[in-house]
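Now for the letters of each chain:
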Amino acid sequence: MNWLTRVRNSLPFQSKRETNDNLWVKCPNCQEMLFAKEYEENQQVCMRCDHHGRIGADERLNQLLDMGYDLLEQPEVKEDPLKFKDSKKYTDRLKQARAKNPHRDAFSVGSGQIEGRDAVVGVQDFGFMGGSMGMAVGTAFCAGAERALTRNCAYVVVTAAGGARMQEGILSLMQMPKATVMTRRLHEAGLPYIVVLTDPTTGGVTASYAMLGDIHIAEPGALIGFAGQRVIQDTIREQLPEGFQRAEYLRKHGMVDMVVHRHELRDTLANLLDFLQGEKAA
C-alpha cells in the first residue's frame, strides 16, 4: 500500500478537517445532544428540558459578580494530617483533583460587587473531590466571612458538596462548628448571609453553613439533604415521597425560601441585597 499512500498524499486534496471531541454535550437529564457552545452561552442550562448542569467556581463567580472582582488567595493548610490511604493515598487524590482544576481546593472566594452592590461570594466546586469539606474548605469559608466583615457587606455562599472529606476525619467535621461561628459573627454585625443551594448539597455542609443563611435560594431540581433517600428509608422503614429532597419539594415545605432559575439568580441577589441592606445603603 506504500505506492497508494504516496499517490494519495501527492494529490491536491485538503486533509479531512479534524472535529473537536467537545463539540457536543449530552444533557444528563433528558439525554439530548446539545451544541457545547450554545450550552455554555446558556449558562450550562439545557435548552430542551431546562436542567441546570453543574458548573465550576470561576464560571459561577463570573456569572454573579461584576467584572473586576478580587479573587482571594486560598489559604494554606496542613495536607494529609492523618496520612490517610484507602485505594489511593490522599496526597495522590489531591494531585489528581488539582490537575483537573484551576484552584487548590473546593472553595473559592471572590470579593467585589453584584450589580453595583458590595458583596463577597464564596463558591463550592463539586468538580473538586465532590466539593467535600475539609480544612481548606472550612478555612476558605471563614476567610470569605472575614472579608465580608472587613468590608461591612453581604456574604453570599453557593454550596455544592457531598459532605465532609473523609480523608481528614474529625478535622473535617470540626469545620462545621468553625463555619457556624463565622455565620454567627455575620449575624451579630447585621450583615446579610445568603445561601444559594445547588445540585447537590448534602452531608455535613447541609448540617452546617448551608442551612444557616438569612435567606436560602435553590436552583431548580437541586438535590438537597443530609443523608441519601435509601439510607433514610432503610432507617425509618418508610417509603418516602418522590423527589422529597429536591428544591421544589423543599420550597413547598418551608425548608427553602425560593427556587430561582440560574438566568435570574444575579438579579434576584441584587434585589435581596437592596432589601436587606436598605438602611445601610441609605
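Here the structure is a predicted model, which is why all the values come from computation and not from measurement.

### What about the overall build of the protein?
In terms of helices and strands, the protein carries twelve helices and nine strands. Dimensions along the principal axes, computed over C-alpha positions, put the protein at roughly 80 × 50 × 45 Å. Among the 282 residues that make up the protein, the fraction classed as buried is 44%. Here the analysis covers contacts within the protein between residues at least 6 apart in sequence; of these, 67% occur between residues at least 24 apart. As presented, the protein carries roughly 15600 Å² of accessible surface, and 51% of it is formed by carbon and sulfur atoms. Each charge sign in the protein was given a centre, from 34 positive and 36 negative side chains, and these centres are 8 Å apart.

### Comments concerning the domain arrangement of the protein
Domain boundaries assigned for the protein yield domain 1 (1–51) and domain 2 (54–276). Between the C-alpha centres of domain 1 and domain 2 the distance comes to 34 Å. Each side of the interface is counted separately: domain 1 has six residues, and domain 2 has six residues. In this assembly, domain 1 and domain 2 are joined by zero salt bridges. Linking domain 1 with domain 2 are four residue pairs in polar contact (both at pLDDT 80 or more), by the criterion used here. The residue makeup of the side of domain 1 that touches domain 2, split by class, is one nonpolar, three polar and two charged.

### Here's the deal with the side chain of His216
With respect to the secondary-structure elements, His216 resides in strand β8 (residues 215–218). The class for His216 is buried, based on a relative accessible area of 8%. Here the side chain of His216 touches Ala210 through a polar contact of 3.4 Å, landing on its backbone oxygen. Excluding its chain neighbours within four sequence positions, the residues that come into contact with His216 are Val195, Leu197, Ala210, Met211, Met255, Val256, Asp257 and Met258.

### Some details on the packing of aromatic side chains
Scanning the model with the defined rule gives seven aromatic pairs in all. With centroids separated by 6.2 Å and ring planes inclined at 85 degrees, the aromatic side chains of Phe141 and Tyr193 adopt a geometry described as edge-to-face. Here Phe141, found in helix α5 (residues 135–151), pairs with Tyr193, found in strand β7 (residues 193–201); they are 52 residues apart in sequence, far enough to count as distant. Judged on exposure class, the residue Phe141 and its partner Tyr193 are both buried. Among the aromatic residues, those joined into a ring-pair cluster are Phe107, Phe141, Tyr155, Tyr193 and Tyr209. The ring of Phe126 is capped by Arg54, whose NZ or CZ atom sits 4.5 Å from the centre of that ring.

### Looking at the state of the cysteines
Evaluated as defined, the whole model comprises zero disulfides. With no disulfide of its own, Cys30 lies closest to Cys27 among cysteine sulfurs, the gap being 3.6 Å. Just so you know, Cys142 is unpaired, no disulfide at all, and the nearest cysteine sulfur is the one on Cys153, 16 Å from it.

### Structural notes on the sheet that holds β7
Across the sheet, seven strands lie side by side as β3-β4-β5-β6-β7-β8-β9; this open sheet has mixed pairing. Looking at strand neighbours, the two that pair on one side only are β3 (70–71) and β9 (258–259), the edges of this open sheet. Two strands pair when backbone bridges link them, and strand β5 (residues 117–124) and strand β6 (residues 154–161) are joined in this way by five bridges, in the parallel orientation. Residue Val120 lies in a different strand from β6, and its bridge partner there is Tyr155.

### Observations concerning the nonpolar core
Within the largest apolar cluster, 37 residues are counted, with the highest numbers of intra-cluster contacts made by Phe107, Phe141, Tyr155, Tyr193, Tyr209 and Ile224. Looking at this core, the elements that each hand over two or more residues are α4 (90–99), β4 (107–114), α5, β6, α7 (175–188), β7 and α10 (247–252). In terms of nonpolar packing, the next biggest core, distinct from the first, is built from 21 residues, Ile215, Ile217, Leu265 and Leu272 among them.

### Re the pattern of salt bridges
Under the criterion given, the structure shown has 15 salt bridges. We note a salt bridge from Arg151 to Asp118, for which the minimum N-O separation is 3.3 Å. Separated by 33 residues along the polypeptide, Arg151 in helix α5 and Asp118 in strand β5 bring together distant segments of the chain. The class for Arg151 is partly exposed, based on a relative accessible area of 26%. The shortest N-O distance in the salt bridge between Arg262 and Glu219 comes to 2.8 Å.

Cut-offs and rules
- Residues numbered from 1 in each chain as written.
- Predicted model: local features only at pLDDT ≥ 70, side-chain atom pairs only at ≥ 80, totals over all residues.
- Heavy atoms only, no water.
- Helix = DSSP H or I, 4+ residues; strand = E, 2+ residues; numbered from the N terminus.
- Buried < 20%, exposed > 50% of the residue type's maximum accessible area, 1.4 Å probe, protein only.
- Contact = heavy atoms within 4.5 Å.
- Areas by Shrake-Rupley, 256 points an atom, 1.4 Å probe, with all protein chains shown as cover.
- Lys, Arg positive; Asp, Glu negative; His and termini not counted.
- Charge placed at Lys NZ, Arg CZ, Asp CG, Glu CD.
- Domains from an automatic or database assignment.
- Salt bridge = Lys/Arg side-chain N within 4 Å of Asp/Glu carboxyl O.
- Polar contact = N/O pair within 3.5 Å; in protein donor to acceptor, adjacent residues only side chain to side chain.
- Nonpolar A, V, L, I, M, F, W, Y, C, P; charged D, E, K, R; others polar.
- Phe/Tyr/Trp six-rings, centres within 6.5 Å; stacked < 30°, edge-to-face > 60°.
- Lys NZ or Arg CZ within 6 Å of the ring centre and 35° of its normal.
- Disulfide = S-S within 2.5 Å.
- Pairing = 2+ DSSP bridges.
- Core = buried A, V, L, I, M, F, W, Y, C linked by side-chain atoms within 4.5 Å.

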